[in-house]
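Survey of secondary and tertiary structure
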Amino acid sequence: MDHCARLSRKVGEVRVPKIGWVRFRWSRDIPACVKSYRVTRDRAGRRHVAFAVVPPPVDGPGTGEIVGVDRGIVVSAALSTGELLSVPGLRDGEARRLLRLERRLARARRESNRRRRLKVAVARLKARETDRRKDWVEKTSTSLARRFDVIRVENLNVRGMARSARGTVERPGQNVRAKSALNRSIQSAGWGRLVTRLEHKAPGRVEKINPAYTSQTCGACGHRAAENRKSQAVFHCRACGHRDHADVNAARNIAVGRTVTARGGSPMGRPVNREPQFVSSSPKRRVEISPTWGEDVIDSPTLRCGGRRAGR
Ligand SMILES: [Zn+2]
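Here goes a summary of the coordinates provided. (Residues numbered from 1 in each chain as written. Predicted model: local features only at pLDDT ≥ 70, side-chain atom pairs only at ≥ 80, totals over all residues. Heavy atoms only, no water.)

Looking now at the nonpolar core. Counting residues in hydrophobic clusters, the biggest one holds 20 residues, and the most contacted among them are Val69, Ile151, Val153, Trp191 and Leu198. Taken together, the elements giving at least two residues each to this core come down to β6 (66–71), β7 (77–79), α2 (113–147), β9 (150–154) and α4 (176–201). Apart from residues no more than four positions distant in its own chain, Val153 is found in contact with Val69, Trp191, Val195, Leu198, Val206, Glu207, Lys208, Ile209 and Ile254. Residues Cys4, Phe24, Ile30 and Val34 belong to the second largest nonpolar core, which totals 10 residues. (Core = buried A, V, L, I, M, F, W, Y, C linked by side-chain atoms within 4.5 Å. Buried < 20%, exposed > 50% of the residue type's maximum accessible area, 1.4 Å probe, protein only. Helix = DSSP H or I, 4+ residues; strand = E, 2+ residues; numbered from the N terminus. Contact = heavy atoms within 4.5 Å.)

Our next topic: the coordination of the zinc ion. Those donors, Cys218 (SG), Cys221 (SG), Cys237 (SG) and Cys240 (SG), are the protein atoms that reach the zinc ion, and they lie 2.3 to 2.4 Å from it. All donors to the zinc ion come from one chain, and their sequence spacing reads C-x2-C-x15-C-x2-C. Here the residue Cys221 occupies a position in the loop between β10 (206–209) and β11 (234–236), and Cys240 occupies one in the loop between β11 and β12 (243–245), the gap between them amounting to 19 residues. (Donors = N, O, S within 2.8 Å, 3.2 Å for Na, K, Ca; no water.)

Tracing the chain through its elements places Phe148 in the loop between α2 and β9. Between the alpha carbons of Phe148 and Gly68 there is a distance of 9.8 Å; along the sequence they are 80 residues apart. Those residues in contact with Phe148 that sit more than four places away from it in its chain are Gly60, Pro61, Glu65, Ile66, Val67, Thr81 and Arg205.

Pairing between sheet strands relies on hydrogen bonds along the backbone, with the strands arranged either parallel or antiparallel. Pairing within the open sheet is mixed, and its 5 strands lie in the order β8-β7-β6-β9-β10. Where the open sheet ends on each side, the last strands, each with one partner, are β8 (84–85) and β10. In the sheet, β6 pairs with β9 via 4 bridges, with the strands oriented parallel. Considered in β9, the bridge of Val69 is made with Val153. Packing of helix α5 (residues 246–255) onto the sheet brings it into contact with β6, β7, β8, β9 and β10, and relative to β6 it is tilted by some 135 degrees. (Pairing = 2+ DSSP bridges. Axes fitted to C-alpha atoms, helices over the stretch in contact; angles between N-to-C directions.)

Our focus in this paragraph is the sheet that holds strand β3 (residues 20–25). Here we have 3 strands laid out as an open sheet, ordered β1-β2-β3, and antiparallel in their pairing. This sheet does not close on itself; its edge strands, each paired only once, are β1 (4–6) and β3. Averaged over all neighbouring strand pairs, the angle between strand axes comes to 25 degrees, with direction disregarded. Both β1 and strand β2 (residues 11–16) contribute to a ladder of 3 bridges, which runs antiparallel. In the sheet register, Ala5 faces β2, and the bridge partner there is Glu13.

Bringing the packing of aromatic side chains into the picture now. For the coordinates displayed, the defined rule picks out 3 aromatic pairs. Ring geometry for Tyr37 versus Phe51: centroids 5.4 Å apart, planes at 50 degrees, classification tilted. With a gap of 14 residues between them, Tyr37 in strand β4 (residues 36–41) and Phe51 in strand β5 (residues 47–52) connect regions that are remote in the sequence. Given a relative accessible area of 21%, Tyr37 falls into the partly exposed group. Cluster of aromatic residues (ring-pair linked, three or more members): Phe24, Trp26, Tyr37 and Phe51. Directly above the ring of Tyr213 sits Arg224, whose terminal nitrogen or CZ lies 3.5 Å from the centroid. (Phe/Tyr/Trp six-rings, centres within 6.5 Å; stacked < 30°, edge-to-face > 60°. Lys NZ or Arg CZ within 6 Å of the ring centre and 35° of its normal.)

The structure is reproduced here in structure tokens:
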């Protein structure tokens, strides 16, 4: 590329239109296939240059293994294998500090130096949170793409609304409301990005499942009833007595593609006797992939050559 040059091991230079040559920290290798790049500024004032490359697909194990992934409220994601994953957000101390800073910011006089300083401090903490979330998404998507041949996720377009309206506070304690609101936003943002990255890394191996009733249906016998979901965290089947972590149970339903649609549904709550399907032969369960899904789809297939250059 003639718009990018490496000056030394750690320093590169990139040509930005209307600005000229700008140095950046060469944080990782840039493949030769790079065609474009963009310069962004995050909320903490850090500028990044991101070179667009399509990431090489990650090979699955080739064993035909299928996993279902459920976006949880209690944890960030539950796998049908029983694993519970959570996005590392801010630690308790950091979250408290953020809350304190935001309160002070609300009281600070407009256009004062104090206000400006507080804004920077708040932005830095929030950027830290975003960094951790993105890192988690990259690691998790690679790991899922490597471990499983088919990755089934819920189609969030349908469920997102229903769930967020239902969101409750699980545990009493300090700042729970602020924290749970924070966690929810982390989760929704992280989830969209996770699905997008999965589709990049495991092209053709990600399937979106209609999530209707996945949280009410028993993963063992298929019995569906609203009472099955005892609480946010516990699933207990009224028909067969099966007990499970509620999110894991939902993930198992997603893994077998067991969903009750309006057509094949059982409004009376009869057992849905549908065999687990390990081959995705049913086209009606496939959901079109929306190109605008996710937090920042345009920015996603990129390498980051980030640096802490400006905005301090
Ligand atoms: Zn059951």
